[in-house]
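Residue strings, one per chain:
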Amino acid sequence: MTKFYEHILLILLIPAGITAQNIAGTFDSTFNQNGQVLFQVENKPTQIEHIQILPNGKYLMIGSVNAQTISPGNRTAVIRYNSNGTPDSSFNGTGAKVLEGRIAQGENTIVLPDQSIISVATGYYPNSISFYKLDINGKIDSSFGQNGYVNTFSGEVYYPNLRKSFQDASGRIIVIGEGKLSPSTDKWIGFVARYTPEGKRDSTFNDNGEVVITDPDPNIDMEIFGGRLSPDGRIFVTGNAGSVYTNTSWLIACINADGTLDQSFGNGGILKKSMGLTQYEACADIHFFPDGKFVAAGWGQKSTKFHFTMARFSENGTQDMSYGVAGKAQISVGCCYSFITEIAEQADGKIVACGYATKDNIYNDFAVARFNPDGSPDSGFGIAGGLILKFEPDTIQYARSVAIDADGKILVAGYTSLVGEFAGTGVLVRLLGTPVTSGTEDTELPDFAQNLQLSPNPVAGNRMQLAYSLEEESTISLDLFDLTGRKIKNFYQNQSRPEGDQTELVELPENLVPGVYFLTLSAGSKAIPVKLIKLP
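Each value, and the rule that gives it
- Residues numbered from 1 in each chain as written.
- Predicted model: local features only at pLDDT ≥ 70, side-chain atom pairs only at ≥ 80, totals over all residues.
- Heavy atoms only, no water.
- Helix = DSSP H or I, 4+ residues; strand = E, 2+ residues; numbered from the N terminus.
- Buried < 20%, exposed > 50% of the residue type's maximum accessible area, 1.4 Å probe, protein only.
- Contact = heavy atoms within 4.5 Å.
- Areas by Shrake-Rupley, 256 points an atom, 1.4 Å probe, with all protein chains shown as cover.
- Pairing = 2+ DSSP bridges.
- Axes fitted to C-alpha atoms, helices over the stretch in contact; angles between N-to-C directions.
- Polar contact = N/O pair within 3.5 Å; in protein donor to acceptor, adjacent residues only side chain to side chain.
- Salt bridge = Lys/Arg side-chain N within 4 Å of Asp/Glu carboxyl O.
- Phe/Tyr/Trp six-rings, centres within 6.5 Å; stacked < 30°, edge-to-face > 60°.
- Lys NZ or Arg CZ within 6 Å of the ring centre and 35° of its normal.
- pLDDT = per-residue confidence, 0-100.

**Q** Report on the overall build of the protein, specifying residues and quantitative values.
**A** Each helix and strand in the protein was counted, giving 0 helices and 35 strands. Each of the 536 residues in the protein was classed as buried or not, and the buried ones make up 57%. For the protein, the share of sequence-separated contacts (at least 6 apart) that also reach a separation of at least 24 residues comes to 55%. Carbon and sulfur atoms make up 49% of the accessible area of the protein, which amounts to about 21600 Å² in all.

Pasting the structure below:
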């Protein structure tokens with residue numbers, strides 16, 4: 001079945017001197033020429049879970065490769081790319097390091113002040129967590145643990161799934177995840193563990209180095225998606241609570257630096273919040289502001305489906321009802337279901353969210369959205385604030401992590417896979433975060449034409465009417481471009497139009513593939529943008 005959002009046509013009239021690549025949310029053509037990199041580490045199925053930007057501007061990713069013939073089959077991979085979209089050959093010679101020990105799926109990396117790297121991953125044994133340390137060049141640091149490797153037991157927690165790792169101000173390693181209190185139980189709980197910089201359990205944290213997040217009701221499970229360290233040193237954990245995949249609510253837990261639940265937050269340190277009436281909703285990530293407030297992001301009900309959802313809270317967990325609409329900021333990315341996996345703040349206070357969207361819960365697409373500081377959708381980004389990206393047909397595609405570079409460009413990392421497979425191809429894309437100019441003299445939007453209108457809008461066919469008014473007699477051109485700036489069609493070139501109101505019929509090419517395009521009405525060095533949505 002064809003997806004609705006594969007048939008969205010975005011038409012923009014772009015100012016001359018500002019190419020298609022200069023529009024917020026479009027691919028950055030200075031990154032690997034087309035704004036995207038699809039890759040496999042060691043020619044093996046690759047899954048990317050996290051990206052971060054290093055102080056030198058390079059991009060560090062963590063994930064897994066499927067070794068297939070090695071038990072366990074999944075091995076942690078640490079990858080470093082240059083800012084132009086090429087592998088950084090100064091990192092282990094190839095730009096990637098696969099950790100050969102008995103270590104399973106990589107979840108996160110911690111970059112130390114000297115640019116060395118600690119990789120944190122689920123261990124080989126049912127209740128273990130493993131650490132590897134690499135130097136700045138991607139080589140094993142043999143001074144760490146035993147030949148660069150530390151395997152430690154995860155205390156009370158069996159079968160830990162790690163979701164987030166970071167260091168506190170003292171250099172201690174904090175690990176957030178989910179697991180079970182017994183190999184025989186079906187009940188899932190959340191946990192936070194703290195380790196010394198050497199990878200040893202920190203007994204000063206809740207006396208045993210670990211705090212468990214659970215509910216006294218045996219039928220309530222905790223599913224953990226992430227967490228962050230607040231500016232005041234508290235540890236926040238995000239996820240959901242309820243019967244897994246049914247009747248769940250947002251979960252945010254707050255833990256003090258000593259490992260005790262913060263009694264001033266929520267209900268005894270745990271906040272459960274419903275974002276609608278859907279059967280399955282969750283909080284996946286969190287971001288803090290200087291005033292102590294934070295936004296939490298995940299998915300919640302919108303109409304009869306669930307979509308990208310954010311909410312803003314005070315330090316004690318009180319929801320800010322002035323944010324978005326009635327306390328919720330939501331964007332429908334695609335037609336049916338969309339899920340946030342991670343968020344990042346731009347320098348202008350806007351929040352960029354990445355995740356995935358699906359119509360049938362079988363095939364997913366990369367999804368990216370941008371919210372204004374007040375929680376409203378950023379109408380200058382994608383379609384009504386949201387954007388769908390597709391890379392390989394008939395695959396499941398997940399955007400897992402997002403970061404903003406020093407130039408305001410948006411990095412989104414994830415992977416594609418075939419249905420039923422572990423992983424297939426790692427994906428890294430760079431999008432423009434804000435409109436930028438090419439440096440020509442004419443940098444502001446011109447006003448040679450007024451009152452531009454396209455109708456019908458949305459349009460289901462290939463014909464539309466373009467209406468506008470000219471302030472004076474002008475010589476104009478009309479062109480159609482794709483996302484990369486490649487010209488698809490010139491409708492007319494340097495035709496004279498009189499002063500006054502104009503009405504024209506525009507016919508799109510019959511064989512035009514559904515997607516995002518740019519229609520440019522120009523007069524000399526000037527042009528004006530307009531948006532149109534094409535329906536199936």
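Once you've had a look at it, read on.
**Q** Give me the sheet that holds strand 5 (residues 96–98): which residues, what numbers.
**A** If you walk across this open sheet you meet the 4 strands as 2-3-4-5, and the pairing is antiparallel. Two strands close off the open sheet at either side, each with one partner strand: strand 2 (46–53) and strand 5. Across the sheet, the mean angle from the axis of one strand to that of its neighbour is 20°, orientation sign disregarded. Pairing of strand 3 (residues 59–66) with strand 4 (residues 74–81), which is carried by 8 bridges, proceeds in the antiparallel orientation. Opposite Tyr59, over in strand 4, you have Tyr81 as the bridge partner.

**Q** Residue-level account of the side chain of Asp28, with values.
**A** Assignment of secondary structure puts Asp28 in the segment before strand 1 (36–39). Residue Asp28 is classed as buried on the basis of its relative accessible area of 3%. Separated by 2.8 Å, the side chains of Asp28 and Thr30 make a polar contact. Apart from residues lying up to four places away in sequence, Asp28 is in contact with Asn34, Gly35, Lys409, Arg430, Leu431 and Leu432.

**Q** Which residues make up the pattern of salt bridges, and what values go with them?
**A** Counted by the stated rule, this structure contains 24 salt bridges. For Glu178, the salt bridge is made with Arg163, and the minimal N-O distance between the two is 3.0 Å. Of this pair, Glu178 sits in strand 11 (residues 173–180) while Arg163 sits in strand 10 (residues 158–167), placing them 15 residues apart in sequence. Overall, the relative accessible area of 7% leaves Glu178 in the buried class. Connected through salt bridges with shared partners, the residues Asp28, Lys409 and Arg430 form a single ionic network.

**Q** Mind laying out the packing of aromatic side chains, listing which residues take part and the relevant values?
**A** A full pass over the atoms with the stated rule returns 19 aromatic pairs. A centroid spacing of 4.9 Å and a plane angle of 55° characterise the contact between Phe306 and Tyr337, whose relative ring orientation is tilted. With Phe306 in strand 20 (residues 305–313) and Tyr337 in strand 22 (residues 337–345), the pair connects residues that are 31 residues apart, well separated along the chain. As far as burial versus exposure is concerned, Phe306 and Tyr337 are alike and both buried. An aromatic cluster is built from Phe225, Tyr280, Trp299, Phe306, Tyr337, Phe339, Tyr356, Tyr398 and Tyr415, whose rings are joined through pairwise contacts. Over the face of the ring belonging to Tyr492 we find Arg497, whose NZ or CZ atom lies 4.8 Å from the ring centre.

**Q** Please provide a residue-by-residue account of the side chain of Ser116, values included.
**A** You can see Ser116 is positioned in the loop between strand 6 (103–111) and strand 7 (117–123). Under the relative-accessibility criterion, Ser116 is labelled buried at 4%. Not counting residues within four places of it along the chain, the set of residues in contact with Ser116 comprises Ile110, Val111, Lys133, Leu134, Asp135 and Ile136.

**Q** Describe in detail the confidence of the model for the protein, supporting the description with residues and values.
**A** Mean pLDDT over the protein: 83, with 82% of residues reaching 70 or higher. Considering only residues more than four positions removed or in separate chains, one finds that residues 1–21, a stretch of pLDDT under 50, has 104 contacts. Every residue in residues 435–446 is under pLDDT 50, and counting partners more than four places away or in other chains gives 17 contacts.

**Q** Which residues make up the sheet that holds strand 10, and what values do they have?
**A** One open sheet accounts for 4 strands, arranged 10-11-12-13; its pairing is antiparallel. The sheet is open, and its two borders are formed by strand 10 and strand 13 (210–213), each paired with just one other strand. Going from strand to strand, the sheet's axes swing by 20° on average, the running direction of each strand aside. Bridge count for strand 12 (residues 189–195) against strand 13 is 4 bridges, and the pairing is antiparallel. Across the sheet, residue Phe191 finds its bridge partner in strand 13, namely Val212.

**Q** Account for the pairing of strand 23 (residues 351–358), with residues named and values stated.
**A** With 8 of 8 residues buried, strand 23 is to be regarded as a mostly interior element. Covered by surrounding structure in strand 23 are Ile351, Ala353, Gly355 and Ala357 together with Val352, Cys354, Tyr356 and Thr358, the residues of both alternating faces. As defined by bridge partners, strand 22 adjoins strand 23 across 8 bridges and the pair is classed as antiparallel. Within the sheet, the bridge partner assigned to Ile340 lies in strand 23 and is Gly355.

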